[in-house]
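Letter by letter, the chains look like this.
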Amino acid sequence: MTDKEIIRLYNSGRGEDAFKGIVDTYSERLYWHVRRFLCSHEDTNDLLQDIFIKVWSSLPNFRGD
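Keep in mind it's a predicted model, so treat the numbers as computed, not measured. (Residues numbered from 1 in each chain as written. Predicted model: local features only at pLDDT ≥ 70, side-chain atom pairs only at ≥ 80, totals over all residues. Heavy atoms only, no water.)

Colleague: Describe the packing of helix α2 (residues 15-35) against helix α3 (residues 41-58), listing the residues and the values that go with them.
Modeller: Following both chains from N to C, one finds α2 and α3 inclined at 140°, their axes separated by 10 Å at the closest point. Judged by the inter-axis angle, α2 sits oblique to α3. The element α2 and its partner α3 pack so that their crossing is right-handed. Between α2 and α3, the contacting residues are G15, A18, F19, I22, V23, Y26, S27, L30, Y31, V34 and R35 on the first element and H41, T44, N45, L47, L48, I51, F52, V55 and W56 on the second. Of the residues assigned to the contact of α2 with α3, the class counts are 14 nonpolar, five polar and one charged. (Axes fitted to C-alpha atoms, helices over the stretch in contact; angles between N-to-C directions. Helix = DSSP H or I, 4+ residues; strand = E, 2+ residues; numbered from the N terminus. Parallel < 35°, antiparallel > 145°, perpendicular 65-115°, else oblique. Left-handed = near helix turned anticlockwise from the far one by under 90°. Contact = heavy atoms within 4.5 Å. Nonpolar A, V, L, I, M, F, W, Y, C, P; charged D, E, K, R; others polar.)

Colleague: For the packing of aromatic side chains, give the residues involved together with the corresponding values.
Modeller: For the structure shown, the criterion picks out three aromatic pairs. Residues F19 and W56 carry aromatic rings whose centres are separated by 5.4 Å and whose planes lie at 80° to one another, so their mutual orientation is edge-to-face. Of this pair, F19 sits in helix α2 while W56 sits in helix α3, and the two are 37 residues apart along the sequence. Residue F19 is classed as partly exposed on the basis of its relative accessible area, which comes to 29%. The exposure class assigned to W56 is partly exposed, which follows from its relative accessible area of 29%. (Phe/Tyr/Trp six-rings, centres within 6.5 Å; stacked < 30°, edge-to-face > 60°. Buried < 20%, exposed > 50% of the residue type's maximum accessible area, 1.4 Å probe, protein only.)

Okay, here's the thing in structure tokens:
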């Protein structure tokens with residue numbers, strides 16, 4: 001899913017689908033990026049959860065630049 005599709009879903013009131021799109025699109029790539037810095041799978045997953053919550057809470061302020 002593209003970023004534009006995710007934003008379109010969010011703006012059309014389909015927030016749950018938009019969040020699922022964010023997680024599905026970026027989970028694996030972000031997991032391996034974070035995992036390079038952390039020693040454990042559990043710590044990586046905890047940080048990923050925090051990252052996705054931060055992204056989600058910041059989405060209303062996203063300007064699309």
